[in-house]
Amino acid sequence: MNQMPASGRAWEEVYQDLLRYGADDLEARGGDAWAYVYDSGRVDVDRAAREAYTMYLDPNGLDPTVFPSLRWFENDILAVAAAHLGGDDRVVGSFTSGGTESVLLAVLAARNQARRDRGVEHPEMVLPTTAHAAFHKAAALFGVKKVVVGVDPVTFRADVDRMAEAITPNTALLVGSAVSYAHGVIDPIEELGRLARSRDLLLHVDGCIGAFTLPYFRRLGAQTAPFDFNVDGVTSISMDLHKYAYCPKGASVVLYRDESLRRRQMFACAEWTGYTMVNMTLQSSKSGGPLAAAWAVLNLIGDDGYLDIARRTLDAVRTIVEAIDQSDDFRLLGRPDSSLIAFTSETVDVFHLVDEMKIRGWYVQPQLSFDNSPANVHLTVSGVSDRRVDRMLFDLNQSAQAAKRLPPPLDPDQRDWLAGLSPDRLTESVRDRLYALAGLDQGDAAPERFAPVSAMLDALSPAMRELVLEEYFSMIYTPR
Ligand SMILES: *Cc1c(COP(=O)(O)O)cnc(C)c1O
């Protein structure tokens, strides 16, 4: 469709088009994908989620007095989340559209608190290099200065001493992860809590991807460091339900130790001619679908169900960790505390490895080098992974052998040239050469192999990576 149909089409036809558009998509169910999607491995869960989602598709979360069901769903979910994270009955929060929104709100609340309650004009936050990009987005959107601090080169956990040194009178917020996305490790939250207390600062724990799973892993006997509201000094926590609670996308929570901090994320406006707008979150009008689906999934799986899924997940994680430890080709980056694994290689180009895995039907995620973290492969393990783990590991070794036979995606001269580029010198001819190197000069058709793209990005500075990708996205998001 490149224009509005002059007259409406038959549903059967539209339906066929919907199917056709999805033909090239990554298969989101069944365990082929080791990133982006979270599969409980239970068809009944997927079915219930779809049913609940469509049941509450139409009610608008804008007004909790007109659609009280949505408020009830939300308060139920928040109570469950708070109890899961060791919160007492003073803990409050909000249901949000995702981890990014949860993180944005926590930073917004901290910024507003610093400004309004402490009179800090230019608030700052201290974050480890492993903190999620959403914090950088929050810094950019809300005018908070980010002070980024390196992490331990072996454990990839936050370095508390370095974070302490980065504190200034303008610091509004300290950030730790449980767990970090890239390496799947828990930052030293107890130490960070002590630091926050001693300097009278807020501490946000980003539990978007780890906080739901960690309490189950602990119950299964895994050694997991404390990270939740039981830790003195933790003032807010984000936890995604659309990751390891296996709810459909559009489901996360941000929780605050008490109501006073949540007040700083809220927004009310009576200064216009329409309805008085009161928003708990960044969104205003919003479908009740994600909320009702999340409520349904939590009920359907229940504590015993999540424990069962966590057991299978932990088994798969241990199998993979053991295989990597025993491999001559792969090396773990950090020791995973939860269900995310990062490994690198000195013998195989990791970007070729990703392509070879794709040829064998698997999606594994390449992670670019940054600071002291080398280029690596990221695996998101979930409830369905245990069924596929042996085959995946077999193919991983096959892929490694195949990748070894390929020439490096870039030669050293090209790497040097790329490393020397800076955003202010990006001319037309430089741009053309970049795209040709990466095989992206074919319009918006995805290249067969992504290794040249990843290797190119990896050789570029972070500022150049951002610029080149923004330009590329701007190109592929062009209506025609
Ligand atoms: C996924 C993730 C986020 C961002 O969540 P979205 O749901 O993708 O917006 C933030 N922090 C961590 C640690 C994450 O894993």
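Residues numbered from 1 in each chain as written. Predicted model: local features only at pLDDT ≥ 70, side-chain atom pairs only at ≥ 80, totals over all residues. Heavy atoms only, no water.

1. A closer look at the overall build of the chain
On a plain count of helices and strands, the chain comes out with 16 helices and 13 strands. Rg of the C-alpha trace for the chain: 23 Å, near the compact-globule value of 23 Å for 480 residues, within the 12% margin. Reported as C-alpha extents along the three principal axes, the dimensions of the chain are approximately 65 × 60 × 50 Å. Here the chain holds 480 residues, and the buried ones make up 52% of them. When contacts within the chain are restricted to residue pairs at least 6 apart in sequence, those whose partners lie at least 24 apart make up 72%. As displayed, the chain has an accessible area near 23,100 Å², and 52% of this comes from carbon and sulfur atoms. Looking at the chain, you have 48 positive and 66 negative side-chain charges, and the mean spots of the two groups are 2 Å apart. (Helix = DSSP H or I, 4+ residues; strand = E, 2+ residues; numbered from the N terminus. Rg over C-alpha atoms; globule rule 2.2 N^0.38 Å. Buried < 20%, exposed > 50% of the residue type's maximum accessible area, 1.4 Å probe, protein only. Contact = heavy atoms within 4.5 Å. Areas by Shrake-Rupley, 256 points an atom, 1.4 Å probe, with all protein chains shown as cover. Lys, Arg positive; Asp, Glu negative; His and termini not counted. Charge placed at Lys NZ, Arg CZ, Asp CG, Glu CD.)

2. What to know about the packing of aromatic side chains
In total, this model carries 15 aromatic pairs according to the counting rule given. Ring centres of Phe212 and Tyr306 lie 4.7 Å apart, and the angle between their planes is 70°; this geometry places the pair in the edge-to-face category. Of this pair, Phe212 sits in the loop between strand S5 (202–206) and helix H8 (214–219) while Tyr306 sits in helix H10 (residues 289–326); the two residues are 94 residues apart in sequence, bridging distant segments of the chain. Residue classification places Phe212 among the buried positions, given a relative accessible area of 6%. Note on Tyr306: relative accessible area 5%, which makes it buried. Centroid distance Tyr244 to Tyr246: 6.1 Å. Interplanar angle 90°. Geometry classified as edge-to-face. (Phe/Tyr/Trp six-rings, centres within 6.5 Å; stacked < 30°, edge-to-face > 60°.)

3. Looking at the nonpolar core
One finds Leu174, Ile189, Phe212, Phe227, Leu241, Val253 and Tyr306 to be the most contacted residues of the largest nonpolar core, which totals 64 residues. Broken down by element, this core gets its largest block of residues, 11 residues, from H10. With 48 residues, the next largest nonpolar core counts Ile320, Ala375, Leu434 and Ala438 among its residues. (Core = buried A, V, L, I, M, F, W, Y, C linked by side-chain atoms within 4.5 Å.)

4. Notes on the environment of Leu379
In this fold, Leu379 is placed in strand S13 (residues 376–380). Look at Leu379 and you get buried, because its relative accessible area is 0%. Between the C-alpha atom of Leu379 and that of Pro366, which follows or precedes it by 13 residues, the distance is 9.2 Å. If near-sequence neighbours (up to four positions away) are discounted, Leu379 is found in contact with Trp34, Ile320, Ser339, Leu340, Ile341, Phe343, Val364 and Met392.

5. Some words on the sheet that holds strand S11 (residues 340–345)
Here we have four strands laid out as an open sheet, ordered S10-S11-S13-S12, and antiparallel in their pairing. In this open sheet, the two strands that pair with only one neighbour each are strand S10 (330–332) and strand S12 (365–367). Sheet twist, expressed as the average angle between the axes of neighbouring strands with direction ignored, equals 35°. (Pairing = 2+ DSSP bridges. Axes fitted to C-alpha atoms, helices over the stretch in contact; angles between N-to-C directions.)

6. Some points on the site of the ligand
In the vicinity of the ligand, the residues found are Gly98, Gly99, Thr100, His132, Val179, Tyr181, Asp206, Cys208, Ile209, Asp240, His242 and Lys243. The side chain of His242 places a nitrogen or oxygen atom 2.8 Å from an oxygen atom of the ligand. Between the ligand and Lys243, the relevant distance is 3.0 Å, taken from an oxygen atom to a side-chain nitrogen or oxygen of the residue. Protein chains bury 85% of the 380 Å² of accessible surface belonging to the ligand in isolation. When the residues that make up the shell around the ligand are grouped by side-chain class, the tally is four nonpolar, five polar and three charged. (Near = heavy atom within 4 Å. Polar contact = N/O pair within 3.5 Å; in protein donor to acceptor, adjacent residues only side chain to side chain. Nonpolar A, V, L, I, M, F, W, Y, C, P; charged D, E, K, R; others polar.)

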